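Results of the structural survey
If you want the building blocks of each chain, they are given just below.
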Amino acid sequence: QVQLVESGGGLVQAGRSLRLSCAASGTNFEINSMGWYRQAPGKQRESVATITSGGSTYHAASVKGRFTISRDNAKNTVYLQMDSLKPEDTAVYSCHAHIRDTGSYFNSYWGQGTQVTVSS
C-alpha cells in the first residue's frame, strides 16, 4: 500500500517562506504526475501546482512567481517552495500523485493534508 506523507506546514508571517514536502512510501510502485492542492475554509479545493514525471510544471496564476514545485524522483518526493506568502494563501495543502502499484492503471493518491497559516 502506497502512502503520501506531507510535512512542512505551519504558521508564518506574510512575506516569509515555507517549504512543503511530500514523500511516497511503499513497495513496487511507479509515480506519474505529482502536485499540490489547497482548500481554504468555505472555498473549493484548487490546484496550486503540478509536475510531471519528466519535470514539466504548472503553477496556478495566483501563485506563479511566488511558489515553485519540484520533485526528486530518486526519493519519490515532491516539494512546494512557497515564497512571499500572503494571508490569502492560508489553507490546508494536500499532496496528490498518480501512482501505479498493482495492475495496469495509475490511481489517485492523496496525502493527509498540512495546514499553512499566513498572518498579516
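Above this text you will find the structure in question.
For the structure given in this document, a descriptive report is provided here. (Residues numbered from 1 in each chain as written. Predicted model: local features only at pLDDT ≥ 70, side-chain atom pairs only at ≥ 80, totals over all residues. Heavy atoms only, no water.)

Should the charged atoms of two oppositely charged side chains come close, the side chains can pair. Evaluation of the coordinates by the stated rule reveals four salt bridges. Arg100 serves as the salt-bridge partner of Glu30, at 2.5 Å between the closest nitrogen and oxygen. One end of the pair, Glu30, is in strand E4 (residues 30-39); the other, Arg100, is in strand E9 (residues 91-100), with 70 residues separating them in the sequence. Residue Glu30 is classed as partly exposed on the basis of its relative accessible area of 36%. Looking at Arg100, the relative accessible area reads 27%, which means it is partly exposed. Linking Asp89 and Arg66 is a salt bridge whose minimum nitrogen-to-oxygen distance equals 2.7 Å. Of the two residues, Asp89 is situated in the loop between strand E8 (77-82) and E9 and Arg66 in the loop between strand E6 (57-59) and strand E7 (67-72); the sequence distance between them amounts to 23 residues. Comparing Asp89 with Arg66, the two get one shared label, buried. (Salt bridge = Lys/Arg side-chain N within 4 Å of Asp/Glu carboxyl O. Helix = DSSP H or I, 4+ residues; strand = E, 2+ residues; numbered from the N terminus. Buried < 20%, exposed > 50% of the residue type's maximum accessible area, 1.4 Å probe, protein only.)

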